Amino acid sequence: MEIKFVETKNLKTKPDVSKIGFGTHFTDYMFEMDYNPEEGWHEPRIVPYQDLQLSPANTTLHYGQAIFDGLKAYKHGDKPVIFRASDHMRRVNVSAKILDIPEVPFDVALAGLKKLIYIERDWIPTGKGQSLYIRPFIFATDDYLGVKVSKQYKFLIILSPVAAYYAHGFAPVKIMVEDKYVRAVRGGLGAAKTPANYAASLHAGLVAHEKNYDQVLWLDGVERKYIEEVGSMNILFKINGEVITPSPKLQTSILDGITHRTVLEIAKDWGIPAIERKISIDEVIQAYEEGTLEEVFGSGTAAVISPVGVLEYKGKEYVINGGKIGEFTQKMYDYIEGIHMGEIEDKFGYIEFAE
Ligand SMILES: *Cc1c(COP(=O)(O)O)cnc(C)c1O
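Let me sum up the structure you'll find in this document.

Cut-offs used in this document
Residues numbered from 1 in each chain as written. Predicted model: local features only at pLDDT ≥ 70, side-chain atom pairs only at ≥ 80, totals over all residues. Heavy atoms only, no water. Buried < 20%, exposed > 50% of the residue type's maximum accessible area, 1.4 Å probe, protein only. Helix = DSSP H or I, 4+ residues; strand = E, 2+ residues; numbered from the N terminus. Pairing = 2+ DSSP bridges. Phe/Tyr/Trp six-rings, centres within 6.5 Å; stacked < 30°, edge-to-face > 60°. Lys NZ or Arg CZ within 6 Å of the ring centre and 35° of its normal. Core = buried A, V, L, I, M, F, W, Y, C linked by side-chain atoms within 4.5 Å. Contact = heavy atoms within 4.5 Å.

Quick look at the pairing of strand E5 (residues 71–76) now. Among the 6 residues in E5, 5 count as buried, and that is most of the element. As judged from the 3 bridges shared by E5 and strand E7 (residues 131–140), these two strands associate in the antiparallel manner. What sits directly across from Lys-72, in E7, is Tyr-133. As judged from the 4 bridges shared by E5 and strand E6 (residues 79–83), these two strands associate in the antiparallel manner. If you follow Lys-75 over to E6, its bridge partner there is Pro-80.

Inspection of every chain in the model, using the stated rule, returns 17 aromatic pairs. Ring plane angle 50 degrees and centroid distance 5.9 Å describe the contact between Phe-297 and Phe-328, whose orientation is recorded as tilted. Taken as a pair, Phe-297 in strand E15 (residues 293–300) and Phe-328 in helix H7 (residues 327–341) lie far apart in primary sequence, 31 residues in all. Residue classification places Phe-297 among the buried residues on the basis of a relative accessible area of 0%. For Phe-328, a relative accessible area of 5% corresponds to the buried category. Among the aromatic residues, ring-to-ring pairing joins Phe-31, Tyr-35, Trp-41, Tyr-153 and Phe-155 into one connected group. One Lys or Arg, Arg-121, reaches over the ring of Tyr-118 and ends 4.1 Å from the middle of that ring.

On to unusual backbone geometry. Unlike most non-glycine residues, Glu-43 shows phi in positive territory, near 55 degrees. Mapped onto the secondary structure, Glu-43 falls in strand E3 (residues 40–48). Positioned with a positive phi, Val-304 is a non-glycine residue whose angle comes to about 70 degrees. Topologically, Val-304 is positioned in strand E16 (residues 304–313). By relative accessible area, Val-304 is classed as buried at 5%.

A few words now on the nonpolar core. Of all hydrophobic cores here, the largest spans 36 residues; its most connected members are Ile-82, Leu-113, Ile-117, Ile-134, Ile-138, Phe-155 and Ile-157. Sorting the residues of this core by element identifies strand E2 (29–36), E3, E5, helix H2 (85–98), helix H3 (106–119), E7 and strand E8 (153–162) as the ones contributing at least two each. The dominant element in this core, judged by the number of residues it contributes, is H3, at 6 residues. Apart from the residues within four sequence positions on either side, Phe-155 is in contact with Phe-31, Glu-32, Met-33, Trp-41, Met-89, Val-92, Val-104, Ala-109, Pro-136, Phe-137 and Ile-138. Residues Leu-236, Val-304, Tyr-335 and Met-341 belong to the second largest nonpolar core, which totals 26 residues.

Printed below as a string of structure tokens:
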């Protein structure tokens, strides 16, 4: 399938990335492709970034049949690169399947992504911790108020230059263990990157913010006992020299994070036991009491690694590693950032060039 390029002369002035935070500015172009049952996915094209026109009866607005992903592009010298692009595009289809959205042709989606990044390469910021955030997403486009799986869809990729996630340097966050609200349950949509999971998490996040916590840590929706993940991050614990983390393979209500996989692969390479298994909040608290809970951190594309300084559970605050960034957490962050920036050899083959 040929990817058409609709050029514009009307280019934007690029912002000072250090001042714009996350997801506020968008580049000049976007990738677009449509689906209907007759033609399948068709007309892949790169067009000027523009508003969409939707019917007020658009089924996504009413029933939320949509999925998304998030990944990042960097520059190695003057070459635009994407971190684990193929894995992210494969996950687009994992999410699509859960929402009954027809899978996108992987080769076309990946080629479209790479072409878009190449065209927009001057938008990739190169400061420390900065990147070009990539947001692929698919949503239903039937205009119909009945509840059913849509016949038509749109796939888009938009790009946003983003500053370092930690405006004031890499710093630990405060997390509230959520024992009232739940995000996703077994048999639900937790394994998909879909807006519904975020809708389910907004109120708990707001309550946590009001209490001065940065995010919530979700427990399983059935027993409120086993640890699942943080809103947009997976969670890892370093206990007695081992990295222990909930498993997206065993717990189908958590997202199979690609940063999570990256951390586990690197830890194993470093000879540190990295174990994916069920872990209860009681076990974490017990490790804390016994003094074996060494470090806690989150993993996700947006922040990459997020050290946890405080966990709150049932009204009590547990200060991890004296509230300071753990040694392993820091080393992991520096290593992954080094691969992103092209300063550390990419021995795992995570970097894909956009040409
Ligand atoms: C995106 C996301 C993550 C992190 O996944 P990455 O692939 O590492 O970015 C974790 N949990 C949820 C719910 C997410 O949506």
